[in-house]
Amino acid sequence: MYLKELSGKLLTRTQRKRFVFFLIADSIFVIVSVWLAFLLRFEGNIPAQYFEGGLPAAIALVLAATIPTFLFFRLYSFTWAYVSIDDLLLISRALGISALLAATAFLFLRGEEFFTGFPRSVFPIAYIVLFLFVTSLRFSKRAYLQWTAGRKNRAQKERALI
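The text that follows walks through the structure, step by step, so that each part is easy to find. (Residues numbered from 1 in each chain as written. Predicted model: local features only at pLDDT ≥ 70, side-chain atom pairs only at ≥ 80, totals over all residues. Heavy atoms only, no water.)

1. A short note on the overall build of the protein chain
Of regular secondary structure, the protein chain possesses five helices and zero strands. Helices (α) and strands (β) of the protein chain occur, in sequence order from the N terminus, as α-α-α-α-α. Among the 162 residues that make up the protein chain, the fraction classed as buried is 33%. A separation threshold of at least 6 residues defines the contact pool for the protein chain, and within that pool the share at least 24 residues apart is 79%. (Helix = DSSP H or I, 4+ residues; strand = E, 2+ residues; numbered from the N terminus. Buried < 20%, exposed > 50% of the residue type's maximum accessible area, 1.4 Å probe, protein only. Contact = heavy atoms within 4.5 Å.)

Have a look at this one:
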């Protein structure tokens, strides 16, 4: 009985759980997008020198720019079941501001040892990949709801022979 109550509490949807879910998902997306940007930039073979400083520094820089920007634009505070093109534009604006913040921070930190020889092309690639990840997750719920609603409507319609 206790397990059933605990699982019921864990599975109920709350705003806090949704916030934590999207925060963790966006953090994972940032890490994966920067890593993929390095892979794309170096055609699948990242030089060893970037594993020591450049890659972790780029991940930290993009994380430090993106998550607070998403919080500022309130991307965690509304339901994604009704996401629209306006929300897509809001995500674009938030990622644009985040990219500007990361680029500005990079300009100030480019003389540091961990950014020596750092390829600047990684940042635009990372933000393009991040845009694809973030919008895919946000729109997936709406797509799923529309797809299941369409299937239910087709199954419930009565066929008439004319």
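Once the structure has been displayed, the description carries forward.
2. Points about the packing of helix H2 (residues 15–41) against helix H3 (residues 49–72)
Where H2 contacts H3, the axes come no closer than 9 Å and their chain directions differ by 145°. The element H2 and its partner H3 pack so that their crossing is right-handed. Across the interface between the two elements, Phe 19, Leu 23, Asp 26, Ser 27, Val 30, Ile 31, Val 34, Trp 35 and Phe 38 of H2 pack against Tyr 50, Gly 54, Leu 55, Ala 58, Ile 59, Val 62, Leu 63, Thr 66, Ile 67, Phe 70 and Leu 71 of H3. Looking at the contact of H2 with H3, its residues break down into 16 nonpolar, three polar and one charged. (Axes fitted to C-alpha atoms, helices over the stretch in contact; angles between N-to-C directions. Left-handed = near helix turned anticlockwise from the far one by under 90°. Nonpolar A, V, L, I, M, F, W, Y, C, P; charged D, E, K, R; others polar.)

3. Some words on the environment of Ser 98
With respect to the helices and strands, Ser 98 occurs in helix H4 (residues 85–109). Taking relative accessible area as the criterion, Ser 98 reaches 0% and is therefore assigned buried. Put simply, Ser 98 and Ala 64 are 34 residues apart on the chain and 8.8 Å apart in space, counted from C-alpha to C-alpha.

4. Overview of the packing of aromatic side chains
Within a pair of aromatic rings, the relevant descriptors are the distance that separates the centres and the angle that separates the planes. Applying the stated criterion across every chain, the model contains seven aromatic pairs. Over the aromatic face of Phe 42 sits the side chain of Arg 41, whose NZ or CZ is 4.9 Å from the ring centroid. (Phe/Tyr/Trp six-rings, centres within 6.5 Å; stacked < 30°, edge-to-face > 60°. Lys NZ or Arg CZ within 6 Å of the ring centre and 35° of its normal.)

5. A word on a nonpolar patch on the surface
A cluster of nonpolar side chains, Phe 19, Val 20, Ile 24, Ile 28 and Leu 71, forms an exposed patch at the surface whose accessible area comes to about 400 Å². Sorting elements by how many residues they give to the nonpolar patch places H2 first, with four residues. Inspection of the secondary structure assignment puts Ile 28 in helix H2. (Patch = residues over 30% accessible without salt bridge, like charges linked within 9 Å, V, L, I, M, F, W, Y side chains within 5 Å. Areas by Shrake-Rupley, 256 points an atom, 1.4 Å probe, with all protein chains shown as cover. Salt bridge = Lys/Arg side-chain N within 4 Å of Asp/Glu carboxyl O.)

6. Re the nonpolar core
Formed by 40 residues in total, the largest nonpolar core has its most connected members in Val 34, Phe 38, Phe 70, Leu 75, Phe 118, Tyr 127 and Leu 130. Put simply, the parts of the chain that give this core at least two residues each are H2, H3, H4 and helix H5 (122–156). Excluding residues that lie within four positions of it along the chain, Phe 70 makes contacts with Asp 26, Leu 75, Tyr 76, Ala 94, Leu 95, Val 134 and Arg 138. (Core = buried A, V, L, I, M, F, W, Y, C linked by side-chain atoms within 4.5 Å.)

7. Re the packing of H3 against H4
A pair of packed helices is characterised by two quantities: the angle between their axes and the separation of those axes. Running from N to C, H3 and H4 point in directions that differ by 145°, and their axes come no closer than 8 Å. For H3 against H4, the interelement crossing comes out right-handed. For the pair H3 and H4, contact is made by Leu 61, Val 62, Ala 65, Thr 66, Thr 69 and Phe 70 and by Ala 94, Leu 95, Ile 97, Ser 98, Leu 101, Ala 102, Ala 105, Phe 106 and Leu 109, respectively. Its residues assigned to classes, the contact of H3 with H4 shows 12 nonpolar, three polar and no charged.

8. Looking at the pattern of salt bridges
For the coordinates displayed, the defined rule picks out one salt bridge. Here Asp 26 ties to Arg 138 by a salt bridge, and the two come within 2.8 Å at their closest N and O atoms. Taken together, the residues span a long stretch of sequence, with Asp 26 in helix H2 and Arg 138 in helix H5 at a distance of 112 residues. Like Asp 26, the residue Arg 138 is buried in the burial classification.

9. Considering the side chain of Asp 87
Take Asp 87: it is sitting in helix H4. Despite its burial, Asp 87 remains without a salt bridge, the nearest opposite charge being carried by Arg 142 at 6.7 Å. For Asp 87, the side chain forms a polar contact with the main-chain nitrogen of Ser 84, separated by 2.9 Å. Look past the residues within four positions of Asp 87 in its chain and what remains in contact with it is Phe 78, Trp 80 and Tyr 82. (Lys, Arg positive; Asp, Glu negative; His and termini not counted. Polar contact = N/O pair within 3.5 Å; in protein donor to acceptor, adjacent residues only side chain to side chain.)

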